[in-house]
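Residues per chain are reported as follows:
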Amino acid sequence: MTLSVLSSLFSDVSTIKGIGPKTAQWLRYLCGGSSVLDVLWHLPTNVIHRPFCEKKPLQNQPICIKAKIDEYLIPPVRRRPLKIICQTDFGRLDLIFFHYHQASLTDKFPIGTDVFLSGTIQVKDDFYEMVHPDFMALKKEDIPEFESVYPMSQGKNSIFFNRLVQKMWEKVPNLPEWLDEETLKESGYLPWRKSMFLAHNPRSLKDCSIESFARKRLIFDELLAHQLALKLIRRYHQKQKGISCEIKAKTQLNLPFKLTKAQQKVLDEIYQDLSASYPMNRLLQGDVGSGKTVVALLSALKVIDSGYQSAFMAPTDILARQHYEKISTLLDGVGIKVALLTAKEKGKKRKEILSDLAQGKIQLLIGTHALIEDNVVFKNLALAVVDEQHRFGVNQRLALRQKQKGCNLLVMSATPIPRSLAMTNYGDMDISVLDEKPMGRQPVTTRVMHLSKISQILEKLKQTETQVYWVCPLVKETEKSDLMASEKRFEELKSFGFNVGLVHGKMKGDEKENVMRDFKAGKIQILVSTTVIEVGVDVPNANLMIIEHAERFGLATLHQLRGRVGRGNQSAYCVLLHGRLGEKGKERLDILRQTDDGFVISNKDLQMRGAGEVLGVAQSGFQQYRLAQLPEHQDLLDRADIYAQKIMKTDPELEKNKNLRILLYLFERQKAIMTLKAG
Ligand code: ADP
Ligand code: MG
């Protein structure tokens with residue numbers, strides 16, 4: 001459903017006279033949709049100016065001139081160029097055509113006709129030449145002085161798109177203003193329709209950039225619609241009834257360490273949410289090794305002490321198992337029943353777990369996405385924890401919480417999310433940050449070396465007992481070759497007499513588990529792996545991380561991998577082995593040498609590679625914009641966010657300014673509007 005003022009914008013372009021189904025289909029491909037609005041969001045990236053030259057023509061740029069046709073030089077054989085000799089006020093001009101339809105030229109422009117031409121002119125000895133004029137017309141008005149240049153596909157030209165936009169223009173309504181006067185005055189923004197018009201009709205390259213007020217307004221609108229939608233949804237959730245915890249028991253844990261200040265602060269925030277009447281919806285961000293697991297455990301205890309169940313979902317089998325083992329040890333003797341559920345728990349055992357869970361005998365269930373399967377039923381789930389969130393899609397994150405109405409959700413992520421992304425992707429969540437690492441952590445010394453140094457490294461390794469992670473890259477991104485690289489390295493290291501283990505994503509759960517257990521127990525010196533060990537794995541005695549073809553990994557991934565070492569109290573090293581490297585590649589790896597701050601690294605990565613690359617397009621949340629680009633438009637995002645906050649304070653139901661609802665519809669944020677109706 002849309003509002004009636006917007007109906008013409010949402011109508012299909014094929015309803016416009018002269019636009020057929022074929023063109024509509026092409027537009028769907030080019031613009032991601034074939035409504036008038038979809039086409040409108042497709043903005044020009046440049047402009048061609050064709051000034052009319054009455055005297056000496058300008059060179060090296062498109063111009064428009066008047067000429068009289070003198071003579072057709074028709075080639076004797078086909079496929080040779082056709083020449084038209086013309087006379088102008090400044091001398092002879094030859095038009096050259098390589099592709100042409102002779103009759104349509106001679107019919108329309110017989111000898112002696114005055115024509116208007118647009119194109120680029122070259123000076124020859126005593127005459128001028130123009131190859132393939134862009135336009136040739138009888139009337140000057142038929143040649144546009146400015147032509148917007150649109151990104152095109154399938155061999156269609158931009159002129160065609162210019163005409164399309166012109167044709168649809170009558171379908172573009174004046175929309176009532178949703179921005180307040182103060183903002184309009186301050187920013188210099190023009191009304192929406194006018195802004196859209198100017199954006200499609202630039203007069204300079206600058207007009208095609210964020211420098212132009214017309215674009216700024218359109219982008220601001222988009223960011224505002226998004227931030228406002230997030231805030232409305234969040235408000236809606238906060239008004240829902242959540243499970244609130246009242247502590248009935250008090251479990252004492254014997255932690256082998258004191259919580260950091262940051263951990264304590266974050267726990268306070270979580271406890272407050274858990275005892276509140278609304279369901280918690282919180283993102284916990286903390287760099288690798290900042291101690292998120294124990295925060296999750298203590299949060300779960302609070303819920304369990306209040307008589308409820310808790311679930312803890314990890315992205316990989318290895319991680320789920322590790323959490324299970326660690327947490328089981330910590331909970332030893334306190335009388336809380338923990339269980340592990342992955343794809344590996346089958347048959348009778350699985351049945352038993354599911355039945356105990358449904359009866360409430362299991363208070364904490366740890367596992368992989370096996371937890372969200374339909375037949376996993378809790379008696380009274382009050383807290384769902386999702387670890388290493390960036391590995392899960394948004395839907396998986398939500399599926400766990402939906403096991404129980406009003407369930408609290410804690411999402412944990414080690415991928416430091418730059419502010420703009422956090423604002424736009426998690427704007428519906430509260431965010432807690434672990435900005436401090438436990439004391440006594442050894443900084444990891446990072447070296448960047450060429451792959452040819454491997455033999456030297458092997459020599460050194462022979463002389464130590466240090467445990468080593470050895471990570472092999474994705475080759476051509478296929479799992480098969482990925483496997484080959486690690487298997488090859490595994491065999492080779494074995495042949496050198498090292499005590500080697502191998503883990504990769506294609507191994508069965510228990511095989512992996514056995515290798516990991518042996519590595520933890522120190523029975524294996526070198527663990528060769530693919531990136532399966534990227535997240536969360538904790539082996540304090542491993543002090544050396546070797547990464548082959550580091551240039552093929554994202555910086556965030558490298559940082560995560562490096563976070564696997566330096567967990568004990570000995571000095572730790574990370575060696576980034578690289579193949580051929582360009583300037584940029586070198587610069588990238590150097591960042592890891594310079595800093596250990598995941599946030600700095602992730603921001604750099606974002607700058608150098610773009611959000612889609614860094615976080616995976618589907619996850620990045622940036623692709624939800626038609627015009628806005630982040631982090632480039634951060635300042636507009638900040639302004640839009642402040643504006644949205646103001647609205648939420650003064651007019652949270654969008655009753656005073658109903659035009660804001662039009663804005664939300666315009667950017668298809670219907671879900672946010674539904675929350676208004678539901679109250
Ligand atoms: P991450 O945030 O990467 O998930 P973990 O929760 O795995 O980090 O914690 C990393 C290591 O730090 C674990 O071995 C954990 O036991 C330890 N740890 C957690 N909190 C503290 C603390 N306050 N003091 C000392 N060590 C801690
Ligand atoms: Mg972790």
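Fair warning: this is a prediction, and the values are worked out from it, not measured in the lab. (Residues numbered from 1 in each chain as written. Chains lettered and ligands numbered in written order. Predicted model: local features only at pLDDT ≥ 70, side-chain atom pairs only at ≥ 80, totals over all residues. Heavy atoms only, no water.)

Caption draft 1: Here's a closer look at the overall build of the chain. The number of helices and strands found in the chain is 25 helices and 22 strands. Overall size of the chain, expressed as C-alpha extent along the three principal axes, is 105 × 70 × 45 Å. Relative to its 679 residues, the chain shows a buried fraction of 54%. Partitioning the contacts of the chain with sequence separation of at least 6, the portion at a separation of at least 24 is 74%. Taken together, the 97 basic and 78 acidic charged side chains of the chain have centroids lying 3 Å from each other. (Helix = DSSP H or I, 4+ residues; strand = E, 2+ residues; numbered from the N terminus. Buried < 20%, exposed > 50% of the residue type's maximum accessible area, 1.4 Å probe, protein only. Contact = heavy atoms within 4.5 Å. Lys, Arg positive; Asp, Glu negative; His and termini not counted. Charge placed at Lys NZ, Arg CZ, Asp CG, Glu CD.)

Caption draft 2: Up close: the site of ligand 1. Around ligand 1, the surrounding shell holds 17 residues, and the nearest of these are K258, G289, T293, R441 and D538. In this structure, K258 approaches ligand 1 through a main-chain N or O atom, which is 2.8 Å from a nitrogen atom. Within the backbone of G291, a nitrogen or oxygen atom sits 3.1 Å from an oxygen atom of ligand 1. Coverage of ligand 1 by the protein amounts to 86% of the 570 Å² it exposes when considered alone. Of the residues in the shell around ligand 1, the class split is 4 nonpolar, 6 polar and 7 charged. (Near = heavy atom within 4 Å. Polar contact = N/O pair within 3.5 Å; in protein donor to acceptor, adjacent residues only side chain to side chain. Areas by Shrake-Rupley, 256 points an atom, 1.4 Å probe, with all protein chains shown as cover. Nonpolar A, V, L, I, M, F, W, Y, C, P; charged D, E, K, R; others polar.)

Caption draft 3: Structural context of the environment of A137. Residue position: A137 is located in strand β8 (residues 135-137). For A137 and L458, which are 321 residues apart along the polypeptide, the C-alpha to C-alpha distance reads 75 Å. Among all residues touching A137, those that are not within four sequence positions of it are F109, V115, F116, D142 and I143.

Caption draft 4: Region of the structure containing the packing of aromatic side chains. If you walk through the whole model with that rule in mind, you get 10 aromatic pairs. When the ring of W26 is compared with that of F160, the centres are 5.6 Å apart and the planes differ by 50°; the resulting orientation is tilted. Remark: F160 occurs in helix α5 (residues 158-168) and W26 occurs in helix α2 (residues 21-31); sequence separation between them is 134 residues. With relative accessibility at 4%, the residue W26 sits in the buried group. For F160, a relative accessible area of 28% gives the class partly exposed. Ring geometry for W169 and F197: centres 5.3 Å apart, planes at 65°, overall edge-to-face. Of this pair, W169 sits in the loop between α5 and α6 (181-187) while F197 sits in helix α7 (residues 192-200); the two residues are 28 residues apart in sequence, bridging distant segments of the chain. In this structure W169 comes out as buried when scored by relative accessible area, which is 12%. Classification of F197 as partly exposed rests on a relative accessible area of 36%. (Phe/Tyr/Trp six-rings, centres within 6.5 Å; stacked < 30°, edge-to-face > 60°.)

Caption draft 5: Quick peek at helix α24 (residues 659-666). Burial analysis of α24 places 7 of its 8 residues in the buried class, which makes it a mostly covered element. Here α24 has its buried residues at L660, R661, I662, L663, L664, Y665 and L666. E668 lies just past α24 and shows a positive phi near 55°.

Caption draft 6: Layout of the nonpolar core. Membership of the largest hydrophobic core comes to 64 residues, with the highest contact counts inside it found for L9, L40, F161, W192 and L666. At the level of secondary structure, the elements contributing two or more residues to this core comprise α2, α3 (36-40), α5, α7, α8 (213-239), α23 (634-650), α24 and α25 (670-678). Per-element tally for this core: the top contributor is α8, with 10 residues. Filtering out sequence-adjacent residues up to four positions away, L666 remains in contact with L6, L9, F10, L37, W41, L175, W178 and W192. Residues C245, V303, V338 and I366 belong to the second largest nonpolar core, which totals 37 residues. (Core = buried A, V, L, I, M, F, W, Y, C linked by side-chain atoms within 4.5 Å.)

Caption draft 7: Focus on the sheet that holds strand β7 (residues 128-131). With respect to topology, 7 strands assemble into an open sheet ordered β6-β7-β4-β3-β2-β5-β8, the strand pairing being mixed. Of all the strands in the sheet, just β6 (121-123) and β8 have a single pairing partner and so form its edges. Pairs of neighbouring strands in the sheet enclose a mean axial angle of 35°, with direction left out of account. Direction of pairing for strand β5 (residues 114-119) relative to β8: antiparallel, over a ladder of 3 bridges. For S118, the partnering residue across the bridge sits in β8 and is F135. (Pairing = 2+ DSSP bridges. Axes fitted to C-alpha atoms, helices over the stretch in contact; angles between N-to-C directions.)

Caption draft 8: Representation of the sheet that holds strand β11 (residues 309-313). Across the sheet, which stays open at both edges, the 7 strands sit in the order β12-β13-β11-β14-β15-β10-β16 with parallel pairing between neighbours. Bordering the open sheet on either side are β12 (338-341) and β16 (430-434), each of which pairs with just one other strand. Shown here is a sheet whose adjacent strand axes are inclined to one another by a mean of 20°, direction ignored. By the bridge criterion, 4 bridges tie strand β14 (residues 381-386) to strand β15 (residues 408-413) in an arrangement that is parallel. By the bridge assignment, A384 is partnered in β15 with L409. Across the sheet, helix α12 (residues 347-359) lies against β11, β12 and β13 (364-367), angled at about 130° from β12, the strand it touches most.

Caption draft 9: Quick peek at the confidence of the model for the chain. With 92% of its residues at a pLDDT of at least 70, the chain reaches an overall mean of 87. In the model of the chain, helix α22 (residues 617-620) stands out as the element of lowest mean pLDDT, 42, in contrast to β13, which has the highest, 98. The model gives residues 615-622 a pLDDT under 50, and that stretch makes 23 contacts with residues more than four places away or in other chains. (pLDDT = per-residue confidence, 0-100.)

Caption draft 10: Examining the packing of α8 against α23 more closely. Where α8 meets α23, the axes come as close as 8 Å, and the angle between the chain directions of the two elements is 45°. It follows that α8 is oblique to α23 by the angle criterion. The chirality of how α8 crosses α23 is right-handed. Judged by residue contacts, K216, I219, F220, L223, L224, Q227, L228, K231, L232 and R235 of α8 engage L636, L637, R639, A640, D641, Y643, A644, Q645, I647 and M648 from α23. A class-by-class count of the residues in the contact of α8 with α23 yields 13 nonpolar, 2 polar and 5 charged. (Parallel < 35°, antiparallel > 145°, perpendicular 65-115°, else oblique. Left-handed = near helix turned anticlockwise from the far one by under 90°.)

Caption draft 11: Quick peek at the packing of helix α18 (residues 555-562) against helix α19 (residues 583-594). Between α18 and α19, the shortest axis-to-axis distance is 11 Å and the interhelical angle comes to 35°. For α18 against α19, the interelement crossing comes out right-handed. Counted together, L555, L558, H559 and R562 of α18 and R588, L589, I591 and L592 of α19 form the full contact between these two elements.

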